[in-house]
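# Geometric and topological summary
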Amino acid sequence: MFQFNFDIDEGIDEVMTTDLTANVPHAPASGDVHDFSSTQQTIAESFAEISLDSLLDALPSQISHSPLSIPLSDGKELKLARRDLFDARFQLISEGTGDPETTEQASDQKINSALQFLDNPSDLVPLVYEGGLKTWECSLDLVSYLSSIGYSKNLGGKRVLELGCGTAVPTLYVLHEIFSSQPTTESDSHIHLQDYNASVLQLVTLPNIILTWYHSPAADQYRNSESHEGSDSELNITPELRDAFTTSLQTYGIYLRFFSGSWDTFDLQSAGGKYNLVLTSETIYHPKSLPSLIRLMRDACGTSLNEDTLDEGDHRCLCLVAAKTVYFGVGGGISEFIRCVGGMNGEQNLRGQVETVWEKLLGVSRKVMSVRWS
Ligand SMILES: C[S@@+](CC[C@H](N)C(=O)[O-])C[C@H]1O[C@@H](n2cnc3c(N)ncnc32)[C@H](O)[C@@H]1O
């Protein structure tokens, strides 16, 4: 059975507070390298849509969760509930990879790759498991920046995509804002989540979305109903909860879609075309994947804008990338990203401009960048 080789520190916040140095044991620069992306003919995951219904069907009968505190731009703190990693791990161990699309060959390869990492605690297994079960700290920075521009308050009729979402904290924030406001019937919001691993979408992305809804005013009626079951740290997933959740989505005009697979296989057309808001956090660490991520961001965005022109025009896109300046040992980081966005890695048709809109200089420096495409 395939198992992720977690490095769980029970009781300690699982937000990753370090750079990736310690988390990528097989850095290409080191001597005894096991570069899984080149030596193992790893099968990259291809694009697949996973329906909300199938993700709901895959939920266990109970999920355990803990609060995640997110500092906001106004000095306040937002608390969102997040599924406990040990709980996701337990489901994974008892049920396998959970990737309905995984072929026997790909599954065997995943198992072999994972087994080779058993003695090397790792948060990333390149092209097998890319770290999405944990929450990485730049995702909190992205929330802080989103809260400072107030964008999430006006998402009616907008299309939002989070790339490499993992635990999806930025999208949880967006949903928290929608679920905390009055529903309007004016226009629908299309919120799409992408992760390399289908199992991540199943084990953490959707559970976290449900938890965000459950703790919001949108779920007041359900929480006060007789059919409600749950405690401060555990939520029972009952048919009534599922119905109340999907009814709320309809009431608020929210259309959720989930996509797995590598960025170079993402099918923008079947996802419905361009987006108004493209978000991504801690996804620029690997130079090899940068071009495909950047091309996808550009195609998903089309024309760009800054937050001061959010309401202009028919199609405008705000494209935000949160990242650490350097990912030691893996080669990626912000300079490499800026070079690639500007077409300086030989991709003439990539001509974006990057502007830093949020920055933290202490410790391992981190930024939120806005990318304009011309
Ligand atoms: C370090 S995790 C960050 C997760 C989350 N955004 C956060 O900040 O907590 C990197 C994420 O990027 C995604 N990812 C990495 N390489 C990818 C690739 N080549 N194609 C698609 N997704 C990829 C993984 O699925 C994973 O969720």
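A quick note: this is a predicted structure, and the numbers were derived from the prediction, not measured.

### Focus: the sheet that holds strand S5 (residues 189-195)
Taken together, eight strands build an open sheet; the order of strands is S1-S7-S5-S4-S8-S9-S11-S10 and the sheet is mixed. Taken across any chain shown, the strands that pair with only one partner, and hence form the sheet edges, are strand S1 (48-50) and strand S10 (352-360). The sheet shows a mean angle of 20° between the axes of neighbouring strands, taken without regard to direction. In terms of strand pairing, strand S9 (residues 318-324) meets strand S11 (residues 366-373) through five bridges, oriented antiparallel. Counterpart to Ala322 in the pairing with S11 is Val368. Contacting S1, S5 and strand S7 (254-260), helix H7 (residues 198-214) runs over the sheet at an angle of about 155° to S7.

### A short note on the confidence of the model for the protein chain
With 74% of its residues at a pLDDT of 70 or more, the protein chain has an overall mean of 80. Within the model, the stretch residues 1-13 combines pLDDT values under 50 with 32 contacts to residues more than four positions away or in other chains. A low-confidence stretch, residues 17-42 (pLDDT under 50), is modelled with 55 contacts involving residues beyond four sequence positions or located in other chains.

### Structural notes on the site of the ligand
Around the ligand, a shell composed of 20 residues is seen, among which Trp136, Gly164, Asp195, Tyr196 and Ser281 lie nearest. A distance of 2.7 Å is found between a nitrogen atom of the ligand and a backbone nitrogen or oxygen belonging to Gly164. In this structure, an oxygen atom belonging to the ligand sits 2.6 Å away from a side-chain N or O atom of Asp195. Against a free-state accessible area of 580 Å², the protein chains account for coverage of 98% of the ligand.

### Describing the packing of aromatic side chains
Ring pairs (aromatic) are described by centroid distance and by the angle formed between their planes. With the rule as written, the count across this model stands at seven aromatic pairs. Geometrically, the ring pair formed by Phe47 and Phe259 is stacked, given 5.4 Å between the ring centres and 20° between the ring planes. Highlighted residues: Phe47 in the loop between helix H1 (36-39) and S1 and Phe259 in strand S7, separated in sequence by 212 residues. Ring centres of Tyr285 and Tyr327 lie 6.1 Å apart, and the angle between their planes is 70°; on these two criteria the pair is classed as edge-to-face. Of this pair, Tyr285 sits in the loop between strand S8 (277-281) and helix H10 (290-301) while Tyr327 sits in the loop between S9 and helix H11 (334-341); the two residues are 42 residues apart in sequence, bridging distant segments of the chain. Neither Tyr285 nor Tyr327 differs from the other in exposure class; each is buried. Among the aromatic side chains, those forming a connected cluster through ring pairs are Phe47, Phe259 and Phe266. Above the plane of the ring of Tyr275 lies Arg159, whose end atom (NZ or CZ) is 4.3 Å from the centre.

Definitions and limits used
- Residues numbered from 1 in each chain as written.
- Predicted model: local features only at pLDDT ≥ 70, side-chain atom pairs only at ≥ 80, totals over all residues.
- Heavy atoms only, no water.
- Pairing = 2+ DSSP bridges.
- Helix = DSSP H or I, 4+ residues; strand = E, 2+ residues; numbered from the N terminus.
- Axes fitted to C-alpha atoms, helices over the stretch in contact; angles between N-to-C directions.
- Contact = heavy atoms within 4.5 Å.
- pLDDT = per-residue confidence, 0-100.
- Near = heavy atom within 4 Å.
- Polar contact = N/O pair within 3.5 Å; in protein donor to acceptor, adjacent residues only side chain to side chain.
- Areas by Shrake-Rupley, 256 points an atom, 1.4 Å probe, with all protein chains shown as cover.
- Phe/Tyr/Trp six-rings, centres within 6.5 Å; stacked < 30°, edge-to-face > 60°.
- Buried < 20%, exposed > 50% of the residue type's maximum accessible area, 1.4 Å probe, protein only.
- Lys NZ or Arg CZ within 6 Å of the ring centre and 35° of its normal.

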